[in-house]
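Here is how the chains run, residue by residue.
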Amino acid sequence: MKKSPQNPPELRADYVLEGQFFAWPLAVSGECEPIEPDSAQVCAIAPAADGRVIWGGTDGASAHVFAAHFKGAAGGVIDLGTVPDAFAIAAVLPIPAGHPLAAGAYSALALAWMGPGWELWRWQAPGPHDSVQEPGFGRPAPTRLAVGNDHEVIGLALFGDRPVVWTDYRVVAIDADGCQDELAKYPALTVCPPVRLGDAYWWLNEEGALVGLGLDGVKRFAKLTVSPSEHPALCAWGDALLAASGGVLYDLDPARNHCEAIGQTPLPDVQCLDGLPDGRAYGVCGHGIGHVFRVDREPARCVALGAAATAVGHHRYGFEFSQAVATVEGTIFLGEHDRGGYLWAYYPPIAASRA
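This one's a predicted model, so the numbers in the text were calculated from it and none came from an experiment.

Trainee: Mind laying out empty space enclosed by the protein, listing which residues take part and the relevant values?
Mentor: Under the definition given, this model contains two cavities of 30 Å³ or more. As a volume, the largest cavity reaches approximately 60 Å³. Contributing to the lining of the largest cavity are Phe21, Tyr282, Gly283, Val284, Val292, Ala324, Ile332, Leu334 and Tyr346. Here the lining of the largest cavity gets three residues from one element, more than from any other, and that element is strand 23 (residues 280-285). Broken down by class, the residue content of the lining of the largest cavity amounts to eight nonpolar, one polar and no charged.

Trainee: Please give an account of the packing of aromatic side chains that cites residues and values.
Mentor: Within this structure, the stated rule accounts for 15 aromatic pairs. Relative to Trp203, the ring of Trp166 lies with its centre 5.6 Å away and its plane at 75°, an arrangement referred to as edge-to-face. Here the residue Trp166 occupies a position in strand 11 (residues 162-167), and Trp203 occupies one in strand 15 (residues 200-204), the gap between them amounting to 37 residues. Trp203 matches Trp166 in its accessibility class, with the two residues each being buried. Each residue in the set Phe21, Tyr282, Phe321, Trp344 and Tyr346 is aromatic and connected to the rest through ring pairs, giving one cluster. Above the plane of the ring of Trp237 lies Arg297, whose end atom (NZ or CZ) is 4.1 Å from the centre.

Trainee: Requested: an account of the environment of Glu207, with residues and values cited.
Mentor: Within the secondary structure, Glu207 sits in the loop between strand 15 and strand 16 (209-214). Along the backbone, Glu207 and Gly263 are 56 residues apart, and their C-alpha atoms lie at a distance of 20 Å. When near neighbours in sequence (up to four residues on either side) are disregarded, Glu207 contacts Ala188, Thr225, Val226 and Pro228.

Trainee: Help me get a handle on unusual backbone geometry, residues and values and all.
Mentor: With an omega of -5°, the peptide bond between Gly115 and Pro116 qualifies as cis. Relative to the elements of secondary structure, Pro116 occurs in the loop between strand 7 (107-113) and strand 8 (118-124). Backbone torsion omega between Glu298 and Pro299 reads -10°, so that peptide bond is classified as cis. Position of Pro299 relative to the elements: it lies in the loop between strand 24 (291-296) and strand 25 (301-307). Here the phi dihedral of Asn257 falls at roughly 55°; this positive angle occurs in a residue that is not glycine. In this fold, Asn257 is placed in the loop between strand 20 (248-253) and strand 21 (258-264).

Conventions and cut-offs
- Residues numbered from 1 in each chain as written.
- Predicted model: local features only at pLDDT ≥ 70, side-chain atom pairs only at ≥ 80, totals over all residues.
- Heavy atoms only, no water.
- 1 Å grid on protein atoms, 1.4 Å probe; cavity = no way out; pocket = protein on both sides within 12 Å on 5 of 7 lines; lining within 4 Å.
- Points joined across faces, edges and corners; volume = space filled by probe spheres on them.
- Helix = DSSP H or I, 4+ residues; strand = E, 2+ residues; numbered from the N terminus.
- Nonpolar A, V, L, I, M, F, W, Y, C, P; charged D, E, K, R; others polar.
- Phe/Tyr/Trp six-rings, centres within 6.5 Å; stacked < 30°, edge-to-face > 60°.
- Buried < 20%, exposed > 50% of the residue type's maximum accessible area, 1.4 Å probe, protein only.
- Lys NZ or Arg CZ within 6 Å of the ring centre and 35° of its normal.
- Contact = heavy atoms within 4.5 Å.

This is the structure we're talking about:
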C-alpha cells in the first residue's frame, strides 16, 4: 500500500462554486403539511432506479418515511407518515418494478429502528401526474413485513426475492412469510452500511477490514484493511470501492485484492460520500458547517471545494449530512441531518474543474 499524502488539502474560505446546490423542504409548498422540525432529521435516502422518486426517512421525535418527486410536472417531498414507536428509519430501499414485493409503480422497503429491535415495512408512493393543475398526494397504507429483536440495524438490500437486513452482529434474510434465515454472523461489528459492487455487498467492520457477502449468500473475504475509525464511509467508485476512514481516502479493489491510500480529506470527520461512474466522488466533512470535497481517480487526489450553502430557491447553510446518493443521471442527493432538515440536491459539473 502506498502512503497517503501527509497534508490534507487546504480548506477553501468560500462556499462551493463548482456545480449547483438546491435544498428542498420536506413538503410540497402550499399543498402538504411539512414534517415537524423536531422529526425532520433526514437519516436515510435512496433513489429509484430511474431517478424519478427519491425515498427517504427521518429520525427525531418521530420517524417519518417520505417520497420526493422531481420529474415532469411533479416537484416536492411528500410525507407518507410515521412508523409508530420507531426512533429512526435506518434505511430505505426502492423495490424494482416487477419484483414480487413491489406494490404499485413505485414502492420501497423501510427499515425502522425501535431501539432496540427493528421492523421492516413496505411503503407505496403516490404518483402525481400533473401537480401544476391537479395536485393530489395520497397516503397508501404501509404493510409491516417482519420484526426482529437485534439491538441495532445498519443496512438493507434485496437478494433475489428476499429482503436482507444487516444488524449489529449478523445478516438475516426475510422469507415471504416473515421468517428469518441467518446468512452470516461476524465477531466484529459492522460499522458502515453495505455497498453493492458487482455480485456482492461489501462493508467495513470495527477493525477496518473489508467484508463481503455474495448475492448467492456465500461469504466473501478480502485481505484489505483500512485504518479503523468510528464512522467510516464507503461507496462504489466505478469498478472499485472508495473508503474514507479517519480522514484517509482508500481505493479498494476486492477483485484484485488491492488497497491503496490515495489522499486525505480536508477535515478528518467525513459525514457522507458517494461516487459517480466517471471516476469522481463527492463528500462532506467537518462539523459546524459541512465542507465539500471532490475525489478524482485520475490523477488520484482530493480537492477542497468549500462550505455547503445555497441561495437558489431556499436560503440554507448545510451543517450536517447523514448520507449522499447518486442517481443514474449523476445528481447527488444529500440528507440533511439537522432540526428542520431539507433534502439537498447537488448537480456536479459535466467535467470536474482541474484547478
